[in-house]
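Architecture at a glance
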2 protein chains.
Amino acid sequence: MTARAREALARAEVIVGYRTYIDLVATLIAGREVVVNGMTGEVDRCREAVERAAAGARVAVISSGDPGVYGMAGLVLEILAAHPRGREIPVTIIPGVTAATAAAAALGAPLMHDFAVISLSDRLTPWEVISRRLEMAAAADFVLVLYNPRSHGRPDHLGRAREIILKYRQPSTPVGVVRNAGRKGEVAWLRDLDTLLELPVDMVSTVIIGNSQTRVLDGRMVTPRGYRL
Amino acid sequence: MTARAREALARAEVIVGYRTYIDLVATLIAGREVVVNGMTGEVDRCREAVERAAAGARVAVISSGDPGVYGMAGLVLEILAAHPRGREIPVTIIPGVTAATAAAAALGAPLMHDFAVISLSDRLTPWEVISRRLEMAAAADFVLVLYNPRSHGRPDHLGRAREIILKYRQPSTPVGVVRNAGRKGEVAWLRDLDTLLELPVDMVSTVIIGNSQTRVLDGRMVTPRGYRL
């Protein structure tokens, strides 16, 4: 967590967030009013935050990682823009360490070159859009970072993504999986595209698939930038 | 800066980095030995860091933003892997807030959906690779984040990138430019693809180009995730 995020939490009067994320910062927000709800209640949660702010409270909406990467920042701004008093409410987005770079650090240095970040969740995005992005990013040799790689409702998305990527990458391409990147209980695995599906990938995992140059050096995943050594 | 990065700097005996980055943390490293050199001395700098660590010192190599995104993490691991005593030297990569998400926060919430990060520097990558990635990422409707968008040695890369992107995006597509994202002196501009080249983009700027859904809401750049409001 950055110093700026910590200061914002310290100053907030009302904390709004998904239960899991509230629990992560429990010691930092002791004594403050907390508004929690479930994972799929994002719109209600952000509306509540905006209403509280409109009523004069200093409100912090928390996301894990970076609130600007598949987080709550956009929804808060959309709701503010539609609110009759939205322009009067000051808002600050505080960036954080997103799962892509937290997972990369746990694995080595796979993001030394151009990369594409893709969520495999089709809750809000048609699978056709997701699969086209996988296809184009794989073809253009981007390192790929997959968010929301698997859930109970869509256990086969990661397998379908792997099939698409295998059209353009060798089965021996290094693949890293990190559960709870940057959080307590972080675990990292390093395999390859061929054996990816043997790993226990779940909703709190981030998957990083190397480009054509990515190698494993002393147990670490490294995509060379291209310096001559 | 994260608490973890601050703690690592506090514990380090030798600090290695490019002059501009050393200056950013001057007050945090007072009294410690500092090894600095110029922007293009990356290999020498990392070799020196590895030699100092091999000799027993606790060394911190600093990058701005996240060391794992076009930073020094990969080079350090490559040099370690080639060093006769490299396996004996423990190394930790500490992730940070990369320019993509720091710039996004300054502009609003442009990275709510899938995005591609591309460096326009052809110092280590052929322009053909860069232009193909721009082409594919634009075609697949990724939000685009451009690092190293312009320098004295290649003043026209941003213009060439814009031409490629305009094959797939409307001239009215929102574009944000942030100088010194997340640092002192941060400035953000919001325009569109049509007028992008009127902005004073330089080497310390990050450029974010919206996807087909990105809008400007009350002066902020927002890519909707797709929630129904």
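Residues numbered from 1 in each chain as written. Chains lettered and ligands numbered in written order. Predicted model: local features only at pLDDT ≥ 70, side-chain atom pairs only at ≥ 80, totals over all residues. Heavy atoms only, no water.

An unreviewed UniProt entry lists chain A under the name Cobalt-factor III C(17)-methyltransferase, with Neomoorella thermoacetica as the source organism. Entered under Pathway (unreviewed entry) in the UniProt record, the comment concerning chain A runs "Cofactor biosynthesis; adenosylcobalamin biosynthesis." (UniProt positions renumbered as here; feature names shortened; annotations may be inferred.)

A word on the sheet that holds strand β6 (residues 143-147) of chain B. Strand order in this open sheet of 10 strands is β8(A)-β7(A)-β9(A)-β6(A)-β5(A)-β5(B)-β6(B)-β9(B)-β7(B)-β8(B), and the pairing throughout is mixed. Of all strands in the sheet, those bounded by a partner on one side alone are β8 (187-192) of chain A together with β8 (187-192) of chain B. Each strand of the sheet is rotated relative to its neighbour by a mean of 15 degrees, with strand direction disregarded. Those strands touched by helix α6 (residues 127-139) of chain A are β5 (115-119) and β6 (143-147) of chain A, and its axis lies near 165 degrees from that of β5(A). (Pairing = 2+ DSSP bridges. Helix = DSSP H or I, 4+ residues; strand = E, 2+ residues; numbered from the N terminus. Axes fitted to C-alpha atoms, helices over the stretch in contact; angles between N-to-C directions. Contact = heavy atoms within 4.5 Å.)

Listed as interface residues are 65 residues of chain B and, on the opposing side, 65 residues of chain A. Of the roughly 5900 Å² buried where chain B meets chain A, counting both sides, 61% is carbon and sulfur surface. At the boundary of chain B and chain A, one finds 8 salt bridges. Ionic pairing is found between Asp114(A) and Arg133(B), a salt bridge with its closest N-O pair at 2.8 Å. (Buried area = accessible area lost by both parts, 1.4 Å probe. Salt bridge = Lys/Arg side-chain N within 4 Å of Asp/Glu carboxyl O.)

As a further point, take the packing of aromatic side chains. Evaluated as defined, the whole model comprises 4 aromatic pairs over all chains. Ring centres 5.1 Å apart and planes at 85 degrees place the aromatic pair Tyr18(B) and Tyr21(B) in the edge-to-face group. Its relative accessible area of 18% is what places Tyr18(B) among the buried residues. Residue classification places Tyr21(B) among the buried positions, given a relative accessible area of 17%. Ring centres of Tyr70(B) and Tyr147(B) lie 5.2 Å apart, and the angle between their planes is 55 degrees; this geometry places the pair in the tilted category. Of this pair, Tyr70(B) sits in the loop between β3 (59-61) and α4 (73-82) while Tyr147(B) sits in strand β6, and the two are 77 residues apart along the sequence. Here the guanidinium or amino end of Arg133(A) rests over the ring plane of Phe142(B), the centre of that ring lying 5.8 Å away. (Phe/Tyr/Trp six-rings, centres within 6.5 Å; stacked < 30°, edge-to-face > 60°. Buried < 20%, exposed > 50% of the residue type's maximum accessible area, 1.4 Å probe, protein only. Lys NZ or Arg CZ within 6 Å of the ring centre and 35° of its normal.)

A word on the relation of the copies chain B and chain A. The operation relating chain B to chain A is a screw motion whose rotation component is 180 degrees, with 0.0 Å of axial translation and a residual RMSD of 0.0 Å. Between the two chains, the operation in question is that of a two-fold axis. Looking at chain B, 100% of its interface residues are interface residues in chain A too, so the copies touch through the same face. (Least-squares fit on C-alpha atoms with pLDDT ≥ 70 in both.)

This part is about the packing of α6(A) against helix α6 (residues 127-139) of chain B. Running from N to C, α6(A) and α6(B) point in directions that differ by 180 degrees, and their axes come no closer than 9 Å. The pairing of α6(A) with α6(B) is recorded here as roughly antiparallel in orientation. Across from Arg132(A), Met136(A) and Ala139(A) in α6(A), the residues of α6(B) making contact are Arg132(B), Met136(B) and Ala139(B). Classifying every residue of the contact of α6(A) with α6(B) gives 4 nonpolar, no polar and 2 charged. (Parallel < 35°, antiparallel > 145°, perpendicular 65-115°, else oblique. Nonpolar A, V, L, I, M, F, W, Y, C, P; charged D, E, K, R; others polar.)

It is worth spelling out helix α5 (residues 99-107) of chain A at this point. Residues and elements named next belong to chain A. Counting buried residues along α5, 7 of its 9 residues qualify, which places the element largely inside the surrounding structure. Looking only at α5, the buried set comprises Ala-100, Thr-101, Ala-102, Ala-103, Ala-104, Ala-105 and Leu-107. Here the buried face of α5 lies against β4 (108-109), β6, β7 (174-179), β8, β9 (205-209) and β11 (220-222). Just beyond α5, the residue with positive phi is Gly-108, at close to 140 degrees.

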